[in-house]
Amino acid sequence: MNGLGWALADSWTIARRTLTHWRMQPGLVIFQWFFPVLMLLMFGGLLGGAMEPPGSSYYELLVPGIFALAMLFGLEGTMTAVTTDVSKGVTDRFRSLPMSSAAVVLGRCIADMLDSVVTLAVLVGTGLVLGWRWHEGLPSALAAFGLLLLLRFALLWVGIFIGLTVKNAQSVTMVQVLVWPIGFLSSAFVATSTMPAWLGTIAQWNPLSATATASRALFGNPDPSATATWIGSHAEVAALIAPLLLVAIFLPLSAHRFRTLSR
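Everything numeric here is computed off the predicted structure, so don't read it as measured data.

Visitor: Requested: an account of the packing of helix H3 (residues 58–87) against helix H7 (residues 169–184), with residues and values cited.
Guide: Relative orientation of the contacting elements H3 and H7 amounts to 175°, with a least axis distance of 10 Å. Here H3 lies roughly antiparallel to H7, going by the angle between them. Contacts between H3 and H7 involve Leu69, Leu72, Phe73, Leu75, Glu76, Met79, Thr80 and Thr83 from the first element and Ala169, Val172, Val175, Gln176, Val179, Trp180, Ile182 and Gly183 from the second.

Visitor: Provide a residue-level description of the side chain of threonine 78, including the pertinent values.
Guide: Looking at the element boundaries, threonine 78 is found in helix H3. Residue classification places threonine 78 among the buried residues on the basis of a relative accessible area of 0%. Sequence-distant contacts of threonine 78, defined by excluding residues within four places in its chain, comprise Asp112, Arg152, Leu156, Gly159 and Ile160.

Visitor: Go over the environment of glycine 127 with me, naming the residues and quoting the values.
Guide: Tracing the backbone shows glycine 127 in helix H5 (residues 103–130). Taking the C-alpha atoms as reference points, glycine 127 and valine 37, 90 residues apart in sequence, are found 8.8 Å from one another. Other than its neighbours up to four places away in sequence, glycine 127 contacts Leu40, Val63, Trp132 and Arg133.

Visitor: I'd love a proper account of helix H9 (residues 207–219), names of residues and values included.
Guide: Between its first and last C-alpha, H9 extends 18 Å over 13 residues, near the 18 Å set by a 1.5 Å rise per residue. Across the 13 residues that make up H9, a large majority, eleven, are buried. Buried within H9 are the following residues: Leu208, Ser209, Ala210, Thr211, Ala212, Thr213, Ala214, Ser215, Arg216, Leu218 and Phe219. At its buried positions, H9 is contacted by H3, helix H6 (138–165), H7, helix H8 (197–204), helix H10 (230–233) and helix H11 (235–259). Glycine 220 occupies a position one or two residues after H9 and carries a positive phi of about 80°.

Visitor: Requested: an account of the environment of methionine 39, with residues and values cited.
Guide: Topologically, methionine 39 is positioned in helix H2 (residues 26–51). What makes methionine 39 buried here is its relative accessible area of 3%. Between the C-alpha atoms of methionine 39 and glutamate 76, which are 37 residues apart in sequence, the distance is 16 Å.

Visitor: Please give an account of a nonpolar patch on the surface that cites residues and values.
Guide: A grouping of Val237, Leu240, Ile241, Leu244 and Leu245 is seen on the molecular surface, where their side chains present a nonpolar patch of about 450 Å² in accessible area. By the element assignment, valine 237 lies in helix H11.

Visitor: Give a description of the pattern of salt bridges that names residues and reports values.
Guide: Under the defined criterion, the tally for this structure stands at four salt bridges. Where arginine 152 meets aspartate 112, a salt bridge forms, and the shortest distance between an N and an O atom there is 3.7 Å. Of this pair, arginine 152 sits in helix H6 while aspartate 112 sits in helix H5, and the two are 40 residues apart along the sequence. When the shortest N-O distance is used, the salt bridge between aspartate 223 and arginine 216 registers 3.0 Å. Taking the relative accessible area as the measure of exposure, arginine 216 reaches 0% and is therefore buried. Each member of the salt-bridge network shares a partner with another, and the members are Arg108, Asp112 and Arg152.

How each quantity is defined
Residues numbered from 1 in each chain as written. Predicted model: local features only at pLDDT ≥ 70, side-chain atom pairs only at ≥ 80, totals over all residues. Heavy atoms only, no water. Axes fitted to C-alpha atoms, helices over the stretch in contact; angles between N-to-C directions. Helix = DSSP H or I, 4+ residues; strand = E, 2+ residues; numbered from the N terminus. Parallel < 35°, antiparallel > 145°, perpendicular 65-115°, else oblique. Contact = heavy atoms within 4.5 Å. Buried < 20%, exposed > 50% of the residue type's maximum accessible area, 1.4 Å probe, protein only. Expected span 1.5 Å × (residues − 1). Patch = residues over 30% accessible without salt bridge, like charges linked within 9 Å, V, L, I, M, F, W, Y side chains within 5 Å. Areas by Shrake-Rupley, 256 points an atom, 1.4 Å probe, with all protein chains shown as cover. Salt bridge = Lys/Arg side-chain N within 4 Å of Asp/Glu carboxyl O.

Dropping the structure here:
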């Protein structure tokens, strides 16, 4: 194989390590997959009666929002895994082996993206049981899932950079606390048009809101926020640009941090 072939082979080896961890700790992995389902059921039950959009079910609004929120919550797992490997010396051990220097990071990317695909599949099945449907055909639905996974891919690099930067698992916990306000300050649960004007503007410019709003449009689900502002009416464009900007910023930062890693 050429250099690229060896890099991909090494990356798959690192990814298989994570998949082996799944097999050895199935309870933890299953909980991670079903935690977004718990949130979907909880918020659907708690807010469904009060937030029912005219002429449709609240799940039509909520399910795509939970899809996007699950992509954000995946950031926590990435940060924890990367920091744990660094603090235990596993990353340094990998770097000392005769393998591609990019394999450690790419292997993490492959494993976490596979995890996100499974999470989405579980959520889609749950949403269908609860009555959620997409109404714009399979190609549009696949485009929506593509935008969701693009957001996860972008946030993955944010997680890798933070995981390589913080000193220990306790520091990761402090960062994880910030994930929840970012997730809730969005259109994942409610339309931003129902918020105070200043707060709704902030929520609309949250990349999570752009992906949630764009997904609803592609699924054919109602979203009162879709035309409230410029970014709401151009959500598909924003859902492409925002993740690409995050990748452009955090991928080089992660690569530099990995090359200069010294613990």
